[in-house]
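What follows is the residue order along each chain.
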There are 2 protein chains.
Amino acid sequence: MVSPKYHIFVCTSCRINGQQKGFCYSKGAVDLVQRFMEEIDDRDLSGEVMITNTGCFGICDKGPIVVVYPEGVWYGNVTEDDVETIVEQHIEGGLVVESLVI
Amino acid sequence: MVSPKYHIFVCTSCRINGQQKGFCYSKGAVDLVQRFMEEIDDRDLSGEVMITNTGCFGICDKGPIVVVYPEGVWYGNVTEDDVETIVEQHIEGGLVVESLVI
């Protein structure tokens with residue numbers, strides 16, 4: 001398995017007991033996942049970018065949280081409007097979106 | 001937010017619709033998460049290692065799947081017995097556990 005060039009993790013507050021409740025989820029994180037998928041698809045980046053929903057990262061007050069590896073960049077308070085910026089600037093351009101870094 | 005030295009992602013088949021069903025979940029992935037947490041705690045590594053449960057990585061037939069960043073190493077068919085090996089050899093020793101790589 002070759003790791004993708006970028007792996008975007010979006011907290012959707014998945015809990016290991018099967019519930020999905022929590023700050024990121026309540027702040028529209030599921031819509032964020034879908035927006036990332038659309039944006040990656042629209043830009044033909046699906047071959048090099050993977051998007052994965054996750055459980056809690058433990059910094060809920062800054063949610064919704066998005067973490068991008070391999071750099072390990074942490075974005076907080078991410079809105080649907082920020083998705084295009086992150087994909088264009090970070091994923092395509094290789095530049096961290098400093099204004100969203102937490 | 002400073003990224004942890006190692007970030008271990010364990011698929012527990014979380015779905016963004018709130019269900020948690022799927023191959024990794026059915027193969028005991030929740031117990032894996034708990035074993036990783038115990039092992040990290042026992043070895044006093046919680047300051048440098050984060051464990052996060054995730055949704056599907058799309059390679060279910062090789063599950064349970066564990067992905068370790070920043071290297072982007074993909075482990076498959078991970079059992080509870082493998083947790084100690086991964087933590088000791090990879091996280092503490094810095095050496096990929098080749099026998100589990102997919």
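Residues numbered from 1 in each chain as written. Chains lettered and ligands numbered in written order. Predicted model: local features only at pLDDT ≥ 70, side-chain atom pairs only at ≥ 80, totals over all residues. Heavy atoms only, no water.

Undergrad: I'd like a rundown of helix 2 (residues 29-42) of chain B, residues and numbers included.
TA: Residues and elements named next belong to chain B. End to end, helix 2 covers 20 Å across 14 residues, agreeing with the expected 20 Å (1.5 Å per residue, within 8%). Within helix 2, the full set of buried residues consists of A29, V30, L32, V33, R35, F36, E39 and I40. Residues of helix 2 that are buried in the fold lie against strand 1 (6-14), helix 1 (23-26), strand 2 (49-55), strand 3 (66-69) and helix 3 (80-92). (Helix = DSSP H or I, 4+ residues; strand = E, 2+ residues; numbered from the N terminus. Expected span 1.5 Å × (residues − 1). Buried < 20%, exposed > 50% of the residue type's maximum accessible area, 1.4 Å probe, protein only. Contact = heavy atoms within 4.5 Å.)

Undergrad: Please set out the relation of the copies chain A and chain B residue by residue, giving values where relevant.
TA: Laying chain A over chain B is done by rotating through 180° and shifting 0.0 Å along the axis; what remains is an RMSD of 0.0 Å. Classification of the inter-copy transformation places it as that of a two-fold axis. Residue T54 of chain A of chain A places its C-alpha closer to the rotation axis than any other residue of that unit, at 2.0 Å. Most of the interface of chain A is mirrored in chain B, where 100% of its interface residues again form contacts. (Least-squares fit on C-alpha atoms with pLDDT ≥ 70 in both.)

Undergrad: Pulling in residues and values, what's your account of the pattern of salt bridges?
TA: Scanning the model with the defined rule gives 14 salt bridges over all chains in all. E39 of chain A is paired through a salt bridge with R35 of chain A; the nearest N and O atoms lie 3.1 Å apart. With E39 of chain A and R35 of chain A both in helix 2 (residues 29-42) and four residues apart, this pair spans about one turn of that helix. One exposure class covers both E39 of chain A and R35 of chain A, and it is buried. Close ionic contact of R43 of chain B with E39 of chain B constitutes a salt bridge, the shortest N to O distance being 2.8 Å. Judged by relative accessible area, R43 of chain B falls into the partly exposed class, the value being 21%. Residues joined by salt bridges that share partners form a network here, namely R35, E38, E39, R43, E84, E88 and E92 of chain A. (Salt bridge = Lys/Arg side-chain N within 4 Å of Asp/Glu carboxyl O.)

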